[in-house]
Amino acid sequence: DAPLVLLASGNLSEERKGGSFISAILDSFRNSTVRFLSVGHVEKKTDLPENVQQFGFVTDEKLMAILYSAADFLLHPAPIDNLPNTVAEASCCDLPSLAFAVGGLPEMISDGQTGWLAPASDSMKLSKRMSEIIQHKKHAQFKDKPRTFAISRYAEKAIASHYLHLFEELQQSGPS
């Protein structure tokens, strides 16, 4: 019954992927019932709390899909990011994400509908939002929503349609 949170990045220690935020969050949940699945390189594995299961860098797509499916939500604490694959992949596996409202993330996550957004680079608010999600089991309300949202945004037909619409607009506006 313990909440299961997925952390996934090529290098979880890297600052631009939220390394310092990850450390602070893991410390704040060290003595809680929350369990973390950690995917990606971590510089000091011995510093990880006991409630973190480290998988290292995962290249097996089936294992990654299992991890996305096993978790209650993805924590994406990067202070800067454009369109992270981990959030798109999580959505396709029906996993809601919690992230900062930076870069392309507000386009990838519909706050309160397919996941949650926290104010940019505010680790206290991110941690508080995570506590609320866990306490009220808000992750359970998103069944089928992240995947439906992702398909509407990322499916080949949707992307092709967006490009076609853009090209038609450009053609109608003529040379600039």
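Everything that follows concerns the structure shown earlier in this document.
Criteria and cut-off values
- Residues numbered from 1 in each chain as written.
- Predicted model: local features only at pLDDT ≥ 70, side-chain atom pairs only at ≥ 80, totals over all residues.
- Heavy atoms only, no water.
- Buried < 20%, exposed > 50% of the residue type's maximum accessible area, 1.4 Å probe, protein only.
- Helix = DSSP H or I, 4+ residues; strand = E, 2+ residues; numbered from the N terminus.
- Arc of directions from axis to C-beta.
- Contact = heavy atoms within 4.5 Å.
- Polar contact = N/O pair within 3.5 Å; in protein donor to acceptor, adjacent residues only side chain to side chain.
- Pairing = 2+ DSSP bridges.
- Right-handed = clockwise from strand over helix to strand, strands pointing away.
- Patch = residues over 30% accessible without salt bridge, like charges linked within 9 Å, V, L, I, M, F, W, Y side chains within 5 Å.
- Areas by Shrake-Rupley, 256 points an atom, 1.4 Å probe, with all protein chains shown as cover.
- Salt bridge = Lys/Arg side-chain N within 4 Å of Asp/Glu carboxyl O.
- Axes fitted to C-alpha atoms, helices over the stretch in contact; angles between N-to-C directions.
- Parallel < 35°, antiparallel > 145°, perpendicular 65-115°, else oblique.
- Left-handed = near helix turned anticlockwise from the far one by under 90°.
- Nonpolar A, V, L, I, M, F, W, Y, C, P; charged D, E, K, R; others polar.

Chemist: Whenever I open this one, helix 2 (residues 61-70) confuses me. Can you help?
Modeler: Among the residues of helix 2, those classed as buried are Met 64, Leu 67 and Tyr 68. The buried residues of helix 2 occupy one face: seen down the axis, they fall within an arc of 100 degrees. Away from its buried face, by an angle of more than 90 degrees, helix 2 presents the exposed residues Lys 62, Ile 66 and Ser 69. In this fold, the buried residues of helix 2 make contact with strand 1 (4-11), strand 2 (35-41), strand 3 (52-56) and helix 3 (85-92). Two or three places before Lys 62, at the start of helix 2, stands the capping residue Asp 60, its side-chain oxygen 2.8 Å from that residue's backbone nitrogen.

Chemist: Explanation requested: the pairing of strand 2 in the structure shown.
Modeler: When a strand is regular, its side chains alternate between the sheet's two faces. Taken across its seven residues, strand 2 has five buried, putting it largely inside the fold. Note that strand 1 and strand 2 share six bridges and pair parallel. The residue of strand 2 that forms the bridge with Leu 6 is Leu 37. One crossover worth recording links strand 1 to the parallel strand 2 by way of helix 1 (residues 19-28), and it is right-handed.

Chemist: What is the right way to read the side chain of Ser 91 from this model?
Modeler: Among the secondary structure elements, Ser 91 is positioned in helix 3. Contact partners of Ser 91, with chain neighbours within four places excluded, come to Pro 146, Arg 147 and Ala 150.

Chemist: Just to check I follow, could you spell out a nonpolar patch on the surface for this structure?
Modeler: Together, Ile 159, Tyr 163, Leu 166, Phe 167 and Leu 170 make up a nonpolar patch on the protein surface, roughly 490 Å² of accessible area in all. Within the element layout of this structure, Ile 159 appears in helix 7 (residues 156-173). With a relative accessible area of 33%, Ile 159 lands in the partly exposed category.

Chemist: Just checking my understanding: could you explain the packing of helix 1 against helix 5 (residues 123-135) for this structure?
Modeler: Each pair of packed helices gets described by two things: the angle between the helix axes and the distance between those axes. Where helix 1 contacts helix 5, the two axes come as close as 10 Å, and the packing angle between them is 45 degrees. Regarding the angle of helix 1 to helix 5, the classification is oblique. Relative to helix 5, helix 1 is oriented so that their crossing is right-handed. Across the interface between the two elements, Phe 21, Ile 25 and Ser 28 from helix 1 touch Ser 123, Leu 126, Ser 127 and Met 130 from helix 5. Looking at the contact of helix 1 with helix 5 residue by residue, the classes come out as four nonpolar, three polar and no charged.

Chemist: Would you take a moment to explain the sheet that holds strand 4 (residues 73-76) for this structure?
Modeler: Backbone hydrogen bonds are what pair the strands of a sheet, in a parallel or an antiparallel way. If you trace the six strands from one edge of the open sheet to the other, you get 3-2-1-4-5-6, paired in parallel fashion. Since the sheet does not close on itself, it has two edges, and those belong to strand 3 and strand 6 (115-118), each with one partner. Within this sheet the neighbouring strands show an average axis-to-axis angle of 20 degrees, counted without direction. Here strand 5 (residues 97-100) runs beside strand 6; their pairing, made up of four bridges, is parallel. Paired with Leu 98 across the bridge in strand 6 is Trp 116. On top of the sheet, helix 3 reaches strand 1, strand 4 and strand 5; it is set at about 170 degrees to strand 4, its chief contact.

Chemist: What am I meant to see in the pattern of salt bridges here?
Modeler: Two side chains of opposite charge can pair, provided their charged atoms sit close to one another. If you walk through the whole model with that rule in mind, you get four salt bridges. With a shortest N-O distance of 3.8 Å, Lys 17 and Asp 81 are connected by a salt bridge. Here Asp 81 lies in the loop between strand 4 and helix 3 and Lys 17 lies in the loop between strand 1 and helix 1, a separation of 64 residues in the sequence. On the basis of relative accessibility, which here comes to 17%, the residue Asp 81 falls in the buried class. Ionic pairing is found between Arg 129 and Asp 111, a salt bridge with its closest N-O pair at 3.2 Å.

Chemist: How should the environment of Phe 142 be read in this particular structure?
Modeler: Mapped onto the elements, Phe 142 comes out in the loop between helix 5 and helix 6 (145-154). Between the C-alpha atoms of Phe 142 and Asp 72, which are 70 residues apart in sequence, the distance is 10.0 Å. For Phe 142, the residues in contact, after removing those within four places along its chain, are Pro 96, Gly 112, Gln 113, Thr 114, Gly 115 and Trp 116.

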